[in-house]
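# Notes for the structure review
Single-letter residue listing:
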Amino acid sequence: MTDAPLVRRSPVPPDQCNLWKAFGLIGDRWTLVILRSALYGVRRFDDFQIELEIPRSVLSNRLASLVELGIMKRREYREDGQRARIEYPLTEMGRALGLPFMAMTEWSDHWIGKGTSPLTLRSKTSGQRLRVALIDEAGKPARRDDVEQVITLAPRQQAKTANRKNGRATDT
(Lines give C-alpha, C1' and ligand atoms only; values in the text may rest on other atoms or scores of the structure.)
Protein backbone atom coordinates (compact mmCIF):
# COMPACT_ATOMS: atom_id res chain seq x y z
CA MET A 1 0.00 0.00 0.00
CA THR A 2 1.38 3.40 -0.91
CA ASP A 3 0.69 6.75 0.66
CA ALA A 4 -1.17 9.43 -1.24
CA PRO A 5 1.08 11.96 -2.98
CA LEU A 6 2.53 14.65 -0.76
CA VAL A 7 0.43 17.81 -0.73
CA ARG A 8 1.91 20.95 0.78
CA ARG A 9 -1.27 23.02 0.74
CA SER A 10 -4.93 22.15 0.74
CA PRO A 11 -6.58 22.73 -2.64
CA VAL A 12 -9.13 25.06 -1.02
CA PRO A 13 -7.69 27.93 1.03
CA PRO A 14 -9.12 28.09 4.57
CA ASP A 15 -10.80 31.46 3.98
CA GLN A 16 -12.87 29.91 1.15
CA CYS A 17 -13.49 26.51 2.76
CA ASN A 18 -16.96 26.10 4.23
CA LEU A 19 -15.82 23.08 6.26
CA TRP A 20 -13.13 25.26 7.86
CA LYS A 21 -15.81 27.88 8.65
CA ALA A 22 -18.13 25.24 10.12
CA PHE A 23 -15.34 23.96 12.37
CA GLY A 24 -14.83 27.53 13.53
CA LEU A 25 -18.51 27.79 14.49
CA ILE A 26 -19.12 24.43 16.15
CA GLY A 27 -15.69 22.85 16.47
CA ASP A 28 -14.97 23.20 20.18
CA ARG A 29 -15.46 20.21 22.47
CA TRP A 30 -18.36 21.55 24.52
CA THR A 31 -20.35 22.76 21.52
CA LEU A 32 -19.98 19.38 19.82
CA VAL A 33 -21.15 17.41 22.86
CA ILE A 34 -24.08 19.81 23.39
CA LEU A 35 -25.08 19.24 19.76
CA ARG A 36 -24.68 15.48 20.17
CA SER A 37 -27.08 15.51 23.13
CA ALA A 38 -29.48 17.84 21.30
CA LEU A 39 -29.55 15.47 18.32
CA TYR A 40 -30.64 12.73 20.75
CA GLY A 41 -33.45 15.04 21.91
CA VAL A 42 -32.10 16.82 25.01
CA ARG A 43 -33.47 20.40 25.08
CA ARG A 44 -33.45 21.75 28.60
CA PHE A 45 -30.58 23.57 30.27
CA ASP A 46 -30.58 21.47 33.45
CA ASP A 47 -30.74 18.25 31.43
CA PHE A 48 -27.70 19.30 29.37
CA GLN A 49 -25.85 20.35 32.51
CA ILE A 50 -26.51 17.11 34.39
CA GLU A 51 -25.83 14.81 31.43
CA LEU A 52 -22.63 16.51 30.29
CA GLU A 53 -21.34 17.65 33.69
CA ILE A 54 -20.55 20.95 32.01
CA PRO A 55 -20.01 24.14 34.02
CA ARG A 56 -23.20 26.23 33.96
CA SER A 57 -21.41 29.32 32.66
CA VAL A 58 -19.85 27.36 29.77
CA LEU A 59 -23.21 25.80 28.91
CA SER A 60 -24.94 29.17 29.00
CA ASN A 61 -22.32 30.70 26.68
CA ARG A 62 -22.40 27.80 24.22
CA LEU A 63 -26.21 27.72 24.07
CA ALA A 64 -26.32 31.49 23.49
CA SER A 65 -23.82 31.09 20.66
CA LEU A 66 -25.78 28.22 19.08
CA VAL A 67 -28.95 30.34 19.24
CA GLU A 68 -27.14 33.31 17.68
CA LEU A 69 -25.85 31.07 14.87
CA GLY A 70 -29.39 29.80 14.18
CA ILE A 71 -28.55 26.19 15.07
CA MET A 72 -30.81 26.19 18.14
CA LYS A 73 -33.65 28.43 19.23
CA ARG A 74 -34.85 29.61 22.62
CA ARG A 75 -38.37 28.52 23.45
CA GLU A 76 -40.29 29.09 26.66
CA TYR A 77 -42.02 26.21 28.38
CA ARG A 78 -43.86 25.91 31.69
CA GLU A 79 -44.57 22.79 33.67
CA ASP A 80 -47.67 22.77 35.89
CA GLY A 81 -47.08 24.80 39.04
CA GLN A 82 -43.63 25.94 37.92
CA ARG A 83 -42.23 29.21 36.61
CA ALA A 84 -41.60 29.66 32.90
CA ARG A 85 -38.26 28.26 31.74
CA ILE A 86 -36.32 28.12 28.50
CA GLU A 87 -35.53 25.10 26.36
CA TYR A 88 -33.24 24.88 23.35
CA PRO A 89 -34.61 22.79 20.50
CA LEU A 90 -32.62 22.42 17.30
CA THR A 91 -33.67 24.45 14.28
CA GLU A 92 -33.79 22.95 10.80
CA MET A 93 -30.14 24.02 10.44
CA GLY A 94 -29.28 22.19 13.65
CA ARG A 95 -31.20 19.04 12.74
CA ALA A 96 -29.28 18.98 9.43
CA LEU A 97 -26.15 18.23 11.49
CA GLY A 98 -27.58 14.76 12.07
CA LEU A 99 -26.01 13.32 8.93
CA PRO A 100 -22.42 14.47 9.61
CA PHE A 101 -22.80 13.33 13.23
CA MET A 102 -24.01 9.92 11.98
CA ALA A 103 -20.91 9.73 9.76
CA MET A 104 -18.69 10.53 12.76
CA THR A 105 -20.56 7.89 14.80
CA GLU A 106 -19.91 5.31 12.09
CA TRP A 107 -16.23 6.28 12.01
CA SER A 108 -15.87 6.18 15.80
CA ASP A 109 -17.71 2.85 16.07
CA HIS A 110 -15.21 1.35 13.65
CA TRP A 111 -11.97 2.92 14.93
CA ILE A 112 -12.65 3.63 18.60
CA GLY A 113 -15.34 1.08 19.42
CA LYS A 114 -13.56 -1.60 17.37
CA GLY A 115 -16.76 -2.43 15.52
CA THR A 116 -19.15 -2.26 18.44
CA SER A 117 -21.70 0.44 19.16
CA PRO A 118 -24.37 1.08 21.76
CA LEU A 119 -26.50 2.64 19.00
CA THR A 120 -27.59 1.10 15.72
CA LEU A 121 -29.65 2.85 13.08
CA ARG A 122 -32.07 0.57 11.24
CA SER A 123 -34.62 1.04 8.50
CA LYS A 124 -38.18 0.89 9.87
CA THR A 125 -39.29 -0.68 6.59
CA SER A 126 -36.64 -3.32 5.92
CA GLY A 127 -35.09 -3.74 9.35
CA GLN A 128 -31.67 -3.48 7.71
CA ARG A 129 -28.86 -1.59 9.40
CA LEU A 130 -28.29 1.87 7.90
CA ARG A 131 -24.92 3.29 6.90
CA VAL A 132 -23.82 6.72 5.78
CA ALA A 133 -22.87 6.80 2.09
CA LEU A 134 -22.32 9.17 -0.79
CA ILE A 135 -24.96 9.02 -3.50
CA ASP A 136 -25.12 10.81 -6.83
CA GLU A 137 -27.92 13.15 -7.90
CA ALA A 138 -29.88 10.19 -9.28
CA GLY A 139 -29.71 8.41 -5.91
CA LYS A 140 -27.14 5.81 -6.98
CA PRO A 141 -24.46 4.97 -4.38
CA ALA A 142 -20.97 6.11 -5.38
CA ARG A 143 -18.00 3.78 -5.17
CA ARG A 144 -15.05 5.16 -3.21
CA ASP A 145 -12.79 4.91 -6.27
CA ASP A 146 -15.29 6.88 -8.37
CA VAL A 147 -15.19 10.04 -6.24
CA GLU A 148 -13.21 13.03 -7.46
CA GLN A 149 -12.76 16.50 -6.00
CA VAL A 150 -13.72 19.42 -8.21
CA ILE A 151 -12.39 22.71 -6.88
CA THR A 152 -14.15 25.96 -7.76
CA LEU A 153 -12.47 29.05 -6.34
CA ALA A 154 -13.20 32.74 -6.74
CA PRO A 155 -11.07 34.16 -9.62
CA ARG A 156 -8.72 36.17 -7.36
CA GLN A 157 -8.13 33.15 -5.15
CA GLN A 158 -7.44 30.93 -8.18
CA ALA A 159 -4.61 33.25 -9.23
CA LYS A 160 -3.15 33.31 -5.70
CA THR A 161 -3.28 29.51 -5.51
CA ALA A 162 -1.67 29.11 -8.96
CA ASN A 163 1.11 31.54 -8.01
CA ARG A 164 1.78 29.61 -4.79
CA LYS A 165 2.03 26.37 -6.75
CA ASN A 166 4.55 28.00 -9.11
CA GLY A 167 6.57 29.40 -6.20
CA ARG A 168 5.76 33.04 -6.98
CA ALA A 169 4.83 35.57 -4.33
CA THR A 170 1.36 37.08 -4.49
CA ASP A 171 0.12 40.49 -3.55
CA THR A 172 -2.78 40.82 -1.19
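This text gives an overview of the structure that appears in the document.

## With respect to the pattern of salt bridges
Evaluated as defined, the whole model comprises 10 salt bridges. Across the pair R143 and D145 runs a salt bridge, and its minimum N-O distance is 3.0 Å. Look at the salt bridges and you will find they share partners, linking R43, R44, R75, E79 and E87 into a network.

## Section: the layout of surface pockets
To find the voids left in a structure, one rolls a probe of water-molecule size over its atoms. There is about 1,200 Å³ of room inside the largest pocket. What lines the largest pocket is a set of 38 residues, among which P100, F101, M102, M104 and T105 lie closest to the centre. For the lining of the largest pocket, the secondary-structure elements that each account for two or more residues are α1 (18-26), α2 (29-40) and α6 (98-111). Considering each element in turn, the lining of the largest pocket owes the most residues, 11 residues, to α6. Taken together, the residues of the lining of the largest pocket break down into 24 nonpolar, 8 polar and 6 charged. Empty space within the second largest pocket amounts to approximately 760 Å³. Lining the second largest pocket are 19 residues; nearest its centre among them are E106, R131, V132, A133 and R144. Considering only residue class, the lining of the second largest pocket consists of 9 nonpolar, 4 polar and 6 charged.

## A closer look at a nonpolar patch on the surface
Nonpolar side chains collect at one region of the surface, where Y40, L99, M102, L119, L121 and L130 lie side by side and expose about 550 Å² of accessible area between them. Locating L130 in the fold gives a position in the loop between α6 and α7 (155-165). Under the relative-accessibility criterion, L130 is labelled partly exposed at 45%.

## A short note on α2
With 12 residues, α2 should reach 16 Å at 1.5 Å per residue; the first-to-last C-alpha distance of 17 Å fits that figure. Among the residues of α2, W30, T31, I34, L35, S37 and A38 are the ones counted as buried. Down the axis of α2, the smallest arc covering the buried residues is 165 degrees, so these residues share one side. Among the exposed residues of α2, those oriented more than 90 degrees off its buried face are R29 and Y40. For α2, the capping residue at the N-terminal end is D28, with a side-chain oxygen 3.1 Å from the backbone nitrogen of W30.

## Section: the nonpolar core
Residues I34, L35, F48, L63, I71 and M72 are the most contacted members of the largest nonpolar core, which totals 20 residues. Elements with a contribution of two residues or more to this core: α2, α3 (45-52) and α4 (56-69). With sequence-adjacent residues up to four places away left out, L63 is seen in contact with I34, F45, F48, M72 and Y88.

Rules and cut-offs
Residues numbered from 1 in each chain as written. Predicted model: local features only at pLDDT ≥ 70, side-chain atom pairs only at ≥ 80, totals over all residues. Heavy atoms only, no water. Salt bridge = Lys/Arg side-chain N within 4 Å of Asp/Glu carboxyl O. 1 Å grid on protein atoms, 1.4 Å probe; cavity = no way out; pocket = protein on both sides within 12 Å on 5 of 7 lines; lining within 4 Å. Points joined across faces, edges and corners; volume = space filled by probe spheres on them. Helix = DSSP H or I, 4+ residues; strand = E, 2+ residues; numbered from the N terminus. Nonpolar A, V, L, I, M, F, W, Y, C, P; charged D, E, K, R; others polar. Patch = residues over 30% accessible without salt bridge, like charges linked within 9 Å, V, L, I, M, F, W, Y side chains within 5 Å. Areas by Shrake-Rupley, 256 points an atom, 1.4 Å probe, with all protein chains shown as cover. Buried < 20%, exposed > 50% of the residue type's maximum accessible area, 1.4 Å probe, protein only. Expected span 1.5 Å × (residues − 1). Arc of directions from axis to C-beta. Polar contact = N/O pair within 3.5 Å; in protein donor to acceptor, adjacent residues only side chain to side chain. Core = buried A, V, L, I, M, F, W, Y, C linked by side-chain atoms within 4.5 Å. Contact = heavy atoms within 4.5 Å.

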